[in-house]
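# A closer look at the structure
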Number of protein chains: 2
Amino acid sequence: MPQPSAPRTSLGRPPRISREEVVAAARRIVDADGVNRLTMRRLAAEIGSTPMALYHHVRSKDELLVLLLDDYAARTLHRPELPEEPRERVIVATDAIHSALADCPWIVDVLTADDLLSTSALWFVEQIIDGLLACGLTPRQAVHGYRAIWYYTAGEIVVRTTAARRRTDDDRPTYRERVFGELDPSELPRLEQVADRWASLTAEDTYLDGLRALVDGLLASR
Amino acid sequence: MPQPSAPRTSLGRPPRISREEVVAAARRIVDADGVNRLTMRRLAAEIGSTPMALYHHVRSKDELLVLLLDDYAARTLHRPELPEEPRERVIVATDAIHSALADCPWIVDVLTADDLLSTSALWFVEQIIDGLLACGLTPRQAVHGYRAIWYYTAGEIVVRTTAARRRTDDDRPTYRERVFGELDPSELPRLEQVADRWASLTAEDTYLDGLRALVDGLLASR
DNA sequence: ACCTGAACACCGTTCAAGT
DNA sequence: ACCTGAACACCGTTCAAGT
């Protein structure tokens, strides 16, 4: 692990690239061409170095992606004004995380790391847990509630951004369109009933509605 | 696209492998070694053929993965006895999909395709929509409700299986453990308060609790 | 029509050597 | 200590040719 702030001795050569430069260059590539185009070779070219030089500043490509997410969160996750009312505080804090992630579709590949994204997101988790506690949940219920909220939020982003990614890939009818075209109305009458509205209904952004329903349900079960 | 049931003419040579054989061999590899080990080259070796022969039966590796998911769903997604009560019908139908997917961690890479998995899952979607309608939601609310349920379910599986995947990768402390170790109690008092119980609390399976809360909330908003 | 061989244009990472 | 070059052990897919 490099120690950028360690006192520079006369041993060895001076570093030519830093961890920050590596992350910044990776960010440029991802912003310009998408996360699929971020390879160690391409990154080395962007920096004007060799693939192996990168491994002096980053343990692996996976670590690079986590650093990239940290960097992104630190730059874009600004703390909003939170309402006093605890239930609404949970909604607003969650929505802030969601908005930041939704603007950043490449995140899906890293997103699924664990239940925390980055230290920059901790403040938001704090607010969510605090809001749930203030609504009368036990600590146990609050942590479980936070998890449910995170599942819902992560799922919405993963499903929506992956669907969008596929749409640009090819112009053929989607799997969904094919399936709905061949519905057997006698076996699946409800789906038949909504089939022609499905595309427009599922295109609507109902993230906040679903979030409110979930939080209501979590608080009602208290 | 091959036509296995088309009348065999005297033109050309007889096929040596079929689409079904390709999918079955892919299934064997995935079951034995995980989805990461499924490559076109490895698959060809398993069948005793060449990589390019596969492309006669399957358009691309992506299509192969979708076929694999269809195959898996057709084999394991058995229709359960559903309760009369519509709210409970929604829960049981959703839980059946969730259980099937949760036993199949490789699915995460394909899962995020769209809002439908495979034709075998349509019956379950029908039951969920039907249950929501029977509870008094409008068709619009029912479709949105189904989406919210799917986000929650997909998110739970993605987050949980990816976390499990990482755990086996290395023995170093997780990112989460590092973060919780360095909490500033004055800034993040609630997280500090639950820090030592976080691991055990989030290890509990609370999928059904969260699902019930979500469905309750969806029905209450009617 | 179905299959093969060779090749294209890539990957992430290791290893040994240079300065 | 930091960087380089060459190599390892792979990928998915195209293309031209064989039967």
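Residues numbered from 1 in each chain as written. Chains lettered and ligands numbered in written order. Predicted model: local features only at pLDDT ≥ 70, side-chain atom pairs only at ≥ 80, totals over all residues. Heavy atoms only, no water.

On to the overall build of chain A, then. Regarding its fold elements, chain A presents eleven helices and zero strands. Scored against the burial criterion, the 222 residues of chain A give a buried share of 49%. By sequence separation, contacts in chain A at least 24 residues apart represent 68% of the contacts at least 6 residues apart. If you sum the accessible surface of chain A, you get close to 11100 Å²; carbon and sulfur atoms cover 50% of it. (Helix = DSSP H or I, 4+ residues; strand = E, 2+ residues; numbered from the N terminus. Buried < 20%, exposed > 50% of the residue type's maximum accessible area, 1.4 Å probe, protein only. Contact = heavy atoms within 4.5 Å. Areas by Shrake-Rupley, 256 points an atom, 1.4 Å probe, with all protein chains shown as cover.)

This part covers the UniProt feature "DNA-binding region" (unreviewed entry) in chain A. As recorded in UniProt, the feature "DNA-binding region" (unreviewed entry) lies at residues 39-58 of chain A. Secondary structure over residues 39-58 of chain A splits into 60% helix and 0% strand, and the C-alpha atoms at its two ends are 13 Å apart. (UniProt positions renumbered as here; feature names shortened; annotations may be inferred.)

We now examine the protein's contact with DNA strand D. In the vicinity of DNA strand D, 20 residues are found, and the nearest of them are Arg16 and Ser49 of chain A together with Arg41, Met52 and Tyr55 of chain B. Counting only the atoms of DNA strand D that lie within 4 Å of the protein, the sugar and phosphate share comes to 51%. Within the contact set of DNA strand D, a phosphate oxygen lies 3.1 Å away from a backbone nitrogen or oxygen of Ile17 of chain A. The side chain of Ser49 of chain A places a nitrogen or oxygen atom 2.8 Å from a phosphate oxygen of DNA strand D. Of all the secondary structure elements, the ones that give two or more residues to the surface near DNA strand D are α3 (51-54) of chain A together with α2 (40-47) of chain B. When the residues that make up the surface near DNA strand D are grouped by side-chain class, the tally is eight nonpolar, seven polar and five charged. (Near = heavy atom within 4 Å. Polar contact = N/O pair within 3.5 Å; in protein donor to acceptor, adjacent residues only side chain to side chain. Nonpolar A, V, L, I, M, F, W, Y, C, P; charged D, E, K, R; others polar.)

With that settled, the discussion passes to the packing of helix α5 (residues 86-102) of chain B against helix α7 (residues 119-134) of chain B. Residue and element names in this part refer to chain B. Axis separation between α5 and α7 bottoms out at 8 Å; the angle between their running directions is 160°. As far as their axial angle goes, α7 and α5 are roughly antiparallel. Where α5 crosses over α7, the two elements pack in a sense that is left-handed. Facing α5, whose interface residues are Pro86, Arg89, Val90, Ala93, Thr94, Ala96 and Ile97, α7 presents Phe124, Gln127, Ile128, Asp130, Gly131, Leu132 and Ala134. Here the contact of α5 with α7 is composed, by residue class, of nine nonpolar, three polar and two charged. (Axes fitted to C-alpha atoms, helices over the stretch in contact; angles between N-to-C directions. Parallel < 35°, antiparallel > 145°, perpendicular 65-115°, else oblique. Left-handed = near helix turned anticlockwise from the far one by under 90°.)

Moving on, we come to the packing of aromatic side chains. Counted according to the given criterion, the structure contains ten aromatic pairs over all chains. Seen in terms of ring centroids, Tyr72 of chain B and Trp106 of chain B are 6.1 Å apart; in terms of plane orientation they differ by 85°. Their pairing is edge-to-face. Linking Tyr72 of chain B in helix α4 (residues 61-76) with Trp106 of chain B in the loop between α5 and α6 (108-111), this pair joins segments that are 34 residues apart in sequence. Here the two residues Tyr72 of chain B and Trp106 of chain B agree in accessibility, since each one is buried. Here a set of aromatic residues connected by ring pairs shows up, and it is made of Tyr151 of chain A together with Tyr152 and Tyr207 of chain B. (Phe/Tyr/Trp six-rings, centres within 6.5 Å; stacked < 30°, edge-to-face > 60°.)

Looking now at the pattern of salt bridges. Inspection of every chain in the model, using the stated rule, returns 28 salt bridges over all chains. Among the salt bridges present, the one from Glu187 of chain A reaches Arg79 of chain B, with a minimum N-O distance of 3.4 Å. Taken together, the residues Glu187 of chain A in the loop between α9 (175-181) and α10 (189-203) and Arg79 of chain B in the loop between α4 and α5 connect one chain to another. Under the relative-accessibility criterion, Arg79 of chain B is labelled partly exposed at 48%. The partner of Arg28 of chain B in a salt bridge is Glu46 of chain B, with the nearest N and O atoms 2.8 Å apart. Taken together, the residues Arg28 of chain B in helix α1 (residues 19-33) and Glu46 of chain B in helix α2 connect sequence positions 18 residues apart. The exposure class of Arg28 of chain B is partly exposed, given its relative accessible area of 46%. One salt-bridge network, held together by shared partners, links Arg87, Glu88, Arg212 and Asp216 of chain A. (Salt bridge = Lys/Arg side-chain N within 4 Å of Asp/Glu carboxyl O.)

Now for the confidence of the model for chain A. Residue and element names in this part refer to chain A. A residue-level look at chain A finds 86% of positions with pLDDT of 70 or above and a mean pLDDT of 86. Within chain A, the element-level pLDDT minimum falls on helix α6 (residues 108-111), averaging 69, and the maximum on helix α11 (residues 207-220), averaging 98. The low-confidence segment residues 1-10 (pLDDT under 50) makes seven contacts with residues lying over four places distant or belonging to another chain. (pLDDT = per-residue confidence, 0-100.)

For the rest of this paragraph, the subject is the relation of the copies chain A and chain B. Aligned on chain B, chain A shows an RMSD of 0.0 Å; the corresponding rotation is 180° and the shift along the axis is 0.0 Å. Interpreted geometrically, this transformation is the action of a two-fold axis. Of all interface residues in chain A, 100% are interface residues in chain B too; the two copies therefore contact each other through one and the same surface. (Least-squares fit on C-alpha atoms with pLDDT ≥ 70 in both.)

This brings us to the interface of chain A and chain B. Opposite the 62 residues of chain A that make contact, chain B presents 63 residues. Buried surface at the junction of chain A and chain B, summed over both partners, amounts to about 5900 Å²; 65% is from carbon and sulfur atoms. Here chain A is connected to chain B by six salt bridges. There are 14 residue pairs in polar contact (both at pLDDT 80 or more) connecting chain A and chain B. Secondary structure elements with two or more residues in the side of chain A that touches chain B: α6, α7 (119-134), α8 (139-169), α9, α10 and α11 of chain A. Of the residues assigned to the side of chain A that touches chain B, the class counts are 33 nonpolar, eleven polar and 18 charged. (Buried area = accessible area lost by both parts, 1.4 Å probe.)

In the vicinity of DNA strand C there are 20 residues, among which Arg41, Met52 and Tyr55 of chain A together with Arg16 and Ser49 of chain B approach most closely. Close to the protein, within 4 Å, the atoms of DNA strand C are drawn from sugar and phosphate at a rate of 51%. Here Tyr55 of chain A contributes a side-chain N or O atom positioned 2.5 Å from a phosphate oxygen of DNA strand C. When residues of the surface near DNA strand C are traced back to their parent elements, those giving at least two are α2 (40-47) of chain A together with α3 (51-54) of chain B. Tallied by class, the residues present in the surface near DNA strand C amount to eight nonpolar, seven polar and five charged.

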